[in-house]
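# Coordinate inspection notes
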Amino acid sequence: MDPILALVAEWWWIAPAGAGAGTLGWIGLRRRGPNQRRLELDAARLDVRTAADEVTRSRAQVKVARAELLRAQAEKSASRAPAGAVAEARRRVQQAERHARAAVADLRARRAGVNAARATMPGSRAAAERLPLARLMAEHDALTARWMEYETDPLKAIGFPAMTDARWPPMDLFLREHQQASWLRPPSRDARISAADYSAYRDAVRRATHAFDAAERSARSEARGGAPGGARPEAIEADRADWGEVAQDLLDNAQRAIARSTELWNRMRRDRDDRGDETPRK
């Protein structure tokens with residue numbers, strides 16, 4: 001097994017399902033429900049309904065903003081409007097119109113997503129790994145493996161130190177998005193979840209992926225320019241003799257992280273049991 005993927009499987013705080021991999025309970029052993037093949041399609045249809053509702057709301061907001069503009073213009077004519085009231089009302093109309101146009105574009109994209117989900121829906125005898133939830137969890141694991149390369153590879157740690165710095169804004173954003181995805185991750189690929197839960201998990205994984213991509217681009221750009229986000233290639237070569245020490249530091253950091261993570265995981269499990277809610281929400 002790839003050592004990075006093996007590490008992913010062991011660290012619950014990166015991929016929570018890993019913590020229960022050796023102790024799969026009745027949830028993981030349940031027979032896949034009949035909706036498993038349709039999860040992506042059902043989620044896409046839910047997205048369309050949500051987007052359509054947003055279009056309706058945004059168009060209503062445009063009407064309200066235009067009415068406010070007319071009122072401000074009338075008050076200005078009667079010399080009752082404060083200075084800048086008309087300009088501010090006009091700005092709100094323009095903002096509402098932009099939001100409405102964006103909502104319409106999003107609705108069109110969501111409708112295209114329904115067609116794509118329908119075309120790629122696995123057959124009734126599809127292997128488990130081809131089902132939507134399994135594919136999504138594999139995508140999540142692949143993202144985690146990319147992140148762990150920066151935490152465990154001495155060359156990358158030296159070349160792109162910002163990618164291991166939780167205080168660096170791009171990584172701070174990624175870590176927060178990844179944590180949300182981990183919260184929403186089902187206990188196993190066979191778990192029965194609703195289309196809404198699947199959609200929330202899918203969107204969280206996508207946001208985390210986009211955040212990581214952005215952080216990686218920024219770190220690599222800084223490395224090429226010699227900025228604090230990364231070291232120049234010649235500096236990497238000069239530090240090769242210190243890789244053993246760096247690798248030991250990384251291992252120590254990983255062990256401390258696992259200890260902290262395990263404690264936090266147990267606390268979260270207790271909190272969720274007390275609430276009777278196994279799927280935390282924003």
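Analysis parameters
- Residues numbered from 1 in each chain as written.
- Predicted model: local features only at pLDDT ≥ 70, side-chain atom pairs only at ≥ 80, totals over all residues.
- Heavy atoms only, no water.
- Helix = DSSP H or I, 4+ residues; strand = E, 2+ residues; numbered from the N terminus.
- Buried < 20%, exposed > 50% of the residue type's maximum accessible area, 1.4 Å probe, protein only.
- Contact = heavy atoms within 4.5 Å.
- Areas by Shrake-Rupley, 256 points an atom, 1.4 Å probe, with all protein chains shown as cover.
- Expected span 1.5 Å × (residues − 1).
- Phe/Tyr/Trp six-rings, centres within 6.5 Å; stacked < 30°, edge-to-face > 60°.
- Core = buried A, V, L, I, M, F, W, Y, C linked by side-chain atoms within 4.5 Å.
- Axes fitted to C-alpha atoms, helices over the stretch in contact; angles between N-to-C directions.
- Parallel < 35°, antiparallel > 145°, perpendicular 65-115°, else oblique.
- Left-handed = near helix turned anticlockwise from the far one by under 90°.
- Nonpolar A, V, L, I, M, F, W, Y, C, P; charged D, E, K, R; others polar.

Next up on the list: the overall build of the chain. A count of helices and strands for the chain gives ten helices and zero strands. Counted from the first residue to the last, the chain has its helices and strands arranged as α-α-α-α-α-α-α-α-α-α. Among the 282 residues that make up the chain, the fraction classed as buried is 37%. A separation of at least 24 residues holds for 80% of the contacts in the chain among residues at least 6 apart in sequence. With an accessible surface of roughly 16400 Å², the chain has 52% of that area assigned to carbon and sulfur atoms.

For helix 4 (residues 85-119), which comprises 35 residues, the first-to-last C-alpha distance of 51 Å matches the rise-based estimate of 51 Å (1.5 Å per residue) to within 8%. Listing the buried residues of helix 4 in full gives Ala85, Val86, Ala89, Val93, Ala96, Ala100, Ala103, Leu107, Val114 and Ala117. Taken together, the buried residues of helix 4 touch helix 3 (39-77).

Looking now at the packing of aromatic side chains. For any two aromatic rings, the description comes down to two numbers: the centre-to-centre distance and the angle of the planes. The tally for this structure, following the rule as stated, stands at four aromatic pairs. Arranged with centres 6.1 Å apart and planes meeting at 80°, the rings of Tyr150 and Phe160 form a pair that is edge-to-face. Taken as a pair, Tyr150 in helix 5 (residues 132-152) and Phe160 in the loop between helix 6 (154-159) and helix 7 (169-184) lie far apart in primary sequence, ten residues in all. The residues Tyr150 and Phe160 share a single accessibility class, namely buried. Ring pairing ties together the aromatic residues Trp147, Tyr150, Phe160, Phe174 and Phe212, which thus form one cluster.

This part is about the nonpolar core. Formed by 16 residues in total, the largest nonpolar core has its most connected members in Trp147, Phe160, Met163, Trp168, Met171, Phe174 and Phe212. Contributing elements (two or more residues each) for this core: helix 5, helix 7 and helix 8 (195-225). The greatest single-element share of this core, amounting to six residues, is contributed by helix 8. By size, the runner-up hydrophobic cluster in this structure holds 13 residues, among which are Leu39, Ala43, Tyr198 and Tyr201.

We now examine the packing of helix 3 against helix 4. Look at helix 3 against helix 4: their axes get within 8 Å of each other, and the N-to-C directions meet at 165°. One finds that helix 3 runs roughly antiparallel with respect to helix 4. Helix 3 and helix 4 meet at a crossing whose hand is left-handed. Along the lines of polarity and charge, the residues of the contact of helix 3 with helix 4 split into 21 nonpolar, five polar and 15 charged.

Attention shifts here to the environment of Asp53. Tracing the backbone shows Asp53 in helix 3. Residue class for Asp53 comes out partly exposed when judged on its relative accessible area of 44%.

Attention now goes to the packing of helix 5 against helix 8. Across the interface, helix 5 lies against helix 8 with an axial gap of 10 Å and an inter-helix angle of 25°. Taken together, the axes of helix 5 and helix 8 are roughly parallel relative to one another. Here helix 5 and helix 8 pass one another in a crossing that is left-handed. Residue-level inspection shows Pro132, Leu133, Leu136, Met137, Glu139, His140, Leu143, Arg146, Trp147 and Tyr150 of helix 5 in contact with helix 8, the latter providing Tyr198, Tyr201, Arg202, Val205, Ala208, Thr209, Phe212, Asp213, Glu216 and Arg220. Here the contact of helix 5 with helix 8 is composed, by residue class, of twelve nonpolar, two polar and six charged.

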